[in-house]
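Observations on the three-dimensional arrangement
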Amino acid sequence: MPTMGKHRRTKSSPLTRGLVAITAGGAVLALPVIGATTASAAPAQSVSAEKAGAPAAAPAKAITAQKAGITSYSVVKGDSLHKIAEGHSLNGGWQKLYKDNKKAIGDNPGLIRPGLKLTIGAKSEAKASGSSADRTAAGSDRADRSERSSTLAAKTAAPAAQPATYTNDLDGWIKESLAVMAEHGIPGTYEGIHRNIMRESSGNPQIVNNWDSNAAAGTPSKGLLQVIDPTFEAYHVPGTSTDSFDPVANITAACNYAADKYGSIDNVFGAY
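Residues numbered from 1 in each chain as written. Predicted model: local features only at pLDDT ≥ 70, side-chain atom pairs only at ≥ 80, totals over all residues. Heavy atoms only, no water.

Brief notes about the layout of surface pockets
- Size it by volume and the second largest pocket reaches roughly 250 Å³.
- Taken together, E200, N209, D212, N214, S221, Q226, V227, I228, T231, Y257, A271 and Y272 make up the lining of the second largest pocket.
- Residues that form the lining of the second largest pocket fall into these classes: five nonpolar, five polar and two charged. (1 Å grid on protein atoms, 1.4 Å probe; cavity = no way out; pocket = protein on both sides within 12 Å on 5 of 7 lines; lining within 4 Å. Points joined across faces, edges and corners; volume = space filled by probe spheres on them. Nonpolar A, V, L, I, M, F, W, Y, C, P; charged D, E, K, R; others polar.)

What about helix 6 (residues 170–184)?
- With 15 residues, helix 6 ought to run about 21 Å at 1.5 Å a step, and its terminal C-alpha atoms sit 21 Å apart, in line with that.
- Among the residues of helix 6, L170, G172, W173, I174, S177, V180 and M181 are the ones counted as buried.
- Where helix 6 is buried, its residues meet helix 7 (190–200) and helix 10 (247–262).
- Among the residues trailing helix 6, G185 stands out with phi positive, at a value near 70 degrees. (Helix = DSSP H or I, 4+ residues; strand = E, 2+ residues; numbered from the N terminus. Expected span 1.5 Å × (residues − 1). Buried < 20%, exposed > 50% of the residue type's maximum accessible area, 1.4 Å probe, protein only. Contact = heavy atoms within 4.5 Å.)

What to know about the pattern of salt bridges
- One pass over the structure, following the stated rule, counts five salt bridges.
- Its salt-bridge partner being R195, residue E191 comes within 3.2 Å of it at the nearest N-O pair. Within this pair, E191 and its partner R195 are both found in helix 7, separated by four residues, close to a single helical turn.
- The exposure class of E191 is partly exposed, given its relative accessible area of 47%.
- Here E200 and R199 are joined by a salt bridge, their closest N and O atoms 3.0 Å apart.
- By relative accessible area, E200 is classed as partly exposed at 23%.
- For R199, a relative accessible area of 35% translates into the label partly exposed. (Salt bridge = Lys/Arg side-chain N within 4 Å of Asp/Glu carboxyl O.)

Examining the packing of helix 6 against helix 7
- One can describe the packing of helix 6 onto helix 7 by two numbers: an axis separation of 10 Å at closest approach and a directional angle of 130 degrees. Here helix 6 lies oblique to helix 7, going by the angle between them. The handedness of the crossing between helix 6 and helix 7 is right-handed. Contacts between helix 6 and helix 7 involve L170, D171, I174, K175, L178 and M181 from the first element and Y190, I193, H194, I197 and M198 from the second.
- When its residues are assigned to classes, the contact of helix 6 with helix 7 shows eight nonpolar, one polar and two charged. (Axes fitted to C-alpha atoms, helices over the stretch in contact; angles between N-to-C directions. Parallel < 35°, antiparallel > 145°, perpendicular 65-115°, else oblique. Left-handed = near helix turned anticlockwise from the far one by under 90°.)

As for unusual backbone geometry
- Despite not being glycine, S89 shows a phi value in the positive range, around 50 degrees.
- Secondary-structure assignment places S89 in the loop between helix 1 (81–87) and helix 2 (93–100).
- A residue is classified by how much of its surface remains accessible, and S89, at 62% relative accessible area, is exposed.
- A positive phi angle is found at S202, which is not glycine, with a value near 60 degrees.
- In this structure, S202 sits in the loop between helix 7 and strand 6 (208–209).

Remarks on the confidence of the model for the protein chain
- Model confidence for the protein chain is summarised by a mean pLDDT of 75, while 60% of its residues fall at 70 or above.
- At the low end of the mean pLDDT range in the protein chain sits strand 1 (residues 20–23), at 40; at the high end sits helix 10, at 98.
- Low pLDDT (under 50) marks residues 1–68, which in the prediction has 65 contacts with non-local residues, meaning those over four places away or in another chain.
- Contacts of residues 124–130 to residues separated by more than four positions or lying in other chains number eight contacts, the stretch itself having pLDDT below 50. (pLDDT = per-residue confidence, 0-100.)

Considerations on the nonpolar core
- With 21 residues, the main nonpolar core has I193, I197, I251 and C255 as its most contacted residues.
- Every element with two or more residues in this core is listed here: helix 6, helix 7 and helix 10.
- Not counting residues within four places of it along the chain, the set of residues in contact with I197 comprises L170, I174, S202, G203, L224, L225 and I251.
- In this structure, Y98, I112, L116 and I120 belong to the second largest nonpolar core, which totals 13 residues. (Core = buried A, V, L, I, M, F, W, Y, C linked by side-chain atoms within 4.5 Å.)

A look at the packing of aromatic side chains
- Following the criterion strictly, the structure yields two aromatic pairs and no others.
- Seen from their ring centres, Y235 and Y257 are 5.3 Å apart, and the 75 degrees between their planes marks the pair as edge-to-face. Taken together, the residues Y235 in helix 9 (residues 229–235) and Y257 in helix 10 connect sequence positions 22 residues apart. For the pair Y235 and Y257, one class covers both residues: buried.
- Ring geometry for Y257 and Y272: centres 6.0 Å apart, planes at 40 degrees, overall tilted. (Phe/Tyr/Trp six-rings, centres within 6.5 Å; stacked < 30°, edge-to-face > 60°.)

Structure below.
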């Protein structure tokens, strides 16, 4: 028998087998991904879609619609900050890109992982909203201006009302007593007080009645409105003297007693 020619079938590389994918446009040879992904790892290569008769594939970059010149970019295998900045013609280069995204990237600008979202074209935080120190200084300046304005307003405002002064006579004693009575809700008028004082003591704050039944019982009536000590102590008004001869203390205690017994010193027209 004639010797038959031996034809050896060309063996395809194991690497090649199984990596031929059928796409809508034809066969595409895809090389396997080898090695860990780092910021400088080489990107995967593919056979030109144009040569394979298919339309060009979109680049594997997740870029969102730009808003006001700002782009969101998703890092892919093989990217580096320099490459991304150069591809987007970013003013300031990779340093600007790193500065704008330092919080997301971390302390090592040479290490970016696939899937990391970067903002391209954003103003740096310091320029966009001012540094923390600037904001603090601005706040302090506003506070200082506010304080200065408040101080100026206080200085130019009308002076605070001065405490009322009263003359050391019957008119002054009655008016001061009325002020104290008003603070404690004790009723009475100038006319009612003055009328009863003139009947009881004729305006003498040191007078003592030593002849009536109270005096006989050992508790003589004293002062402008002739108040006995037990009554003065029971109806003494806080803030006034504890001396029953003190004109203001005597008047307010007597008016307090009259309010309790008669509704007001104005209702008293005789001995009470």
